[in-house]
Amino acid sequence: AQKITQTQPGMFVQEKEAVTLDCTYDTSDPSYGLFWYKQPSSGEMIFLIYQGSYDQQNATEGRYSLNFQKARKSANLVISASQLGDSAMYFCAMRERNAGKSTFGDGTTLTVKP
Amino acid sequence: SAVISQKPSRDICQRGTSLTIQCQVDSQVTMMFWYRQQPGQSLTLIATANQGSEATYESGFVIDKFPISRPNLTFSTLTVSNMSPEDSSIYLCSVEDSRSGTGELFFGEGSRLTVL
């Protein structure tokens, strides 16, 4: 079974609007971390935001916030006030404490329209 | 954050040849990870490289095809052996942020291999 599921292969958003990228996960490890990474067309992987399984509050980093719903095992990324430079591939990832390594979802390609 | 340098950044290789990718980190790290990203797809972990021990390979990846060296805490190499067109991918070296303790990854800029 896939551990990380991103059901949106592609998303479009108008510049300055907010967009939510979906991510669901599957684990039996009570201790885990959830991450979002951005990969522009240039290819580099950029860490955006982290949410720990025991964190009570949703993580925020500037225009990025993570909508963490533990019971539903979802960790959606919300990008507010989209910019043209946000156009990229976005990957959700999970690191289970016992596994010691990160697993990535299939990614969502976000296109911001002017 | 760790700064990771990978080389080559890209290469075009002939079928049947081997290529070694180098990864240099600007700080000492315990584990280094090698990922493969086939065109338009996600990242798949090839192996975890620990200093002073054999690399740990994921299912579907074997040492004969992807030998890894880890001679010290700042350097690792991945060799793609006896290449075929199916090996055309981006190969990424990464390390965890040891200071945050959260497990976030820093990545090299990747090595884009095209096998003809």
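Definitions and cut-offs
- Residues numbered from 1 in each chain as written.
- Chains lettered and ligands numbered in written order.
- Predicted model: local features only at pLDDT ≥ 70, side-chain atom pairs only at ≥ 80, totals over all residues.
- Heavy atoms only, no water.
- Phe/Tyr/Trp six-rings, centres within 6.5 Å; stacked < 30°, edge-to-face > 60°.
- Helix = DSSP H or I, 4+ residues; strand = E, 2+ residues; numbered from the N terminus.
- Buried < 20%, exposed > 50% of the residue type's maximum accessible area, 1.4 Å probe, protein only.
- Salt bridge = Lys/Arg side-chain N within 4 Å of Asp/Glu carboxyl O.
- Contact = heavy atoms within 4.5 Å.
- Buried area = accessible area lost by both parts, 1.4 Å probe.
- Polar contact = N/O pair within 3.5 Å; in protein donor to acceptor, adjacent residues only side chain to side chain.
- Nonpolar A, V, L, I, M, F, W, Y, C, P; charged D, E, K, R; others polar.
- Disulfide = S-S within 2.5 Å.
- Pairing = 2+ DSSP bridges.
- Axes fitted to C-alpha atoms, helices over the stretch in contact; angles between N-to-C directions.

A. Spatial organisation of the packing of aromatic side chains. Per the stated rule, a full pass over the model turns up 13 aromatic pairs over all chains. With a centroid separation of 5.5 Å and 45° between ring planes, the pair formed by A:Tyr37 and A:Phe104 is classed as tilted. With a gap of 67 residues between them, A:Tyr37 in strand β5 (residues 32–39) and A:Phe104 in strand β11 (residues 102–104) connect regions that are remote in the sequence. Accessibility classification places A:Tyr37 together with A:Phe104 in one group, the buried group. With a centroid separation of 6.3 Å and an interplanar angle of 70°, the aromatic rings of A:Phe104 and B:Phe107 are classed as edge-to-face. Of this pair, A:Phe104 sits in strand β11 while B:Phe107 sits in strand β10 (residues 105–107), each in a different chain.

B. Inspection of the pattern of salt bridges at higher detail. Residue and element names in this part refer to chain A. Per the stated rule, a full pass over the model turns up 6 salt bridges over all chains. Here arginine 63 ties to aspartate 86 by a salt bridge, and the two come within 2.8 Å at their closest N and O atoms. A residue pair is termed long-range when its members are at least 10 positions apart, and arginine 63 in the loop between β7 (60–61) and β8 (64–69) and aspartate 86 in the loop between β9 (74–79) and β10 (88–96) qualify at 23 residues.

C. Structural context of the interface of chain A and chain B. Contacts between the two partners involve 15 residues from chain A, matched on the other side by 16 residues from chain B. Of the roughly 1400 Å² buried between chain A and chain B, counting both surfaces, carbon and sulfur atoms make up 55%. Area buried by chain A at its contact with chain B is led by A:Met45, A:Lys101 and A:Phe104, which between them contribute 32% of it. On inspection of chain A and its partner chain B, the count reaches 2 salt bridges. Notably, a salt bridge pairs B:Glu96 with A:Arg95, separated by 2.4 Å at the nearest N-O pair. At the junction of chain A with chain B, the criterion picks out 6 residue pairs in polar contact (both at pLDDT 80 or more). When contributions to the side of chain A that touches chain B are tallied by element, the ones reaching two or more residues are β5, β6 (46–52), β10 and β11 of chain A. Residue classes in the side of chain A that touches chain B are distributed as 8 nonpolar, 4 polar and 3 charged.

D. Structural context of the state of the cysteines. Taken as a whole, this structure holds 2 disulfides over all chains when the rule is applied. One disulfide bridge connects A:Cys23 with A:Cys92, the sulfur atoms lying 2.0 Å from each other. Disulfide A:Cys23-A:Cys92: the torsion about the S-S bond is -65°, which places it as left-handed. On the criterion of sequence distance, the pair formed by A:Cys23 in the loop between β3 (19–21) and β4 (24–25) and A:Cys92 in strand β10 is long-range, its members being 69 residues apart. Summarising the burial analysis for this pair, A:Cys23 and A:Cys92 share the class buried. Disulfide partner of B:Cys23: B:Cys93, at an S-S distance of 1.9 Å. Around the S-S axis, the bridge from B:Cys23 to B:Cys93 shows a dihedral of about -65° and counts as left-handed. Residue B:Cys23 is located in strand β3 (residues 19–25), and its partner B:Cys93 is located in strand β9 (residues 89–96); the two are separated by 70 residues in the primary sequence. Residue B:Cys23 is classed as buried on the basis of its relative accessible area of 0%. Residue B:Cys13 stays outside any disulfide, its sulfur separated by 18 Å from that of B:Cys23, the closest cysteine.

E. How the structure looks around the sheet that holds strand β7 (residues 68–72) of chain B. Residue and element names in this part refer to chain B. Strand order in the open sheet formed by 4 strands is β1-β3-β8-β7, with antiparallel pairing between adjacent strands. Looking at which strands have only one partner, the edges of the open sheet turn out to be β1 (4–7) and β7. For this sheet, the mean inter-axis angle between neighbouring strands, taken without regard to orientation, is 15°. With 4 bridges connecting them, β1 and β3 associate as antiparallel partners. Directly across from isoleucine 4, in β3, lies its bridge partner valine 25.

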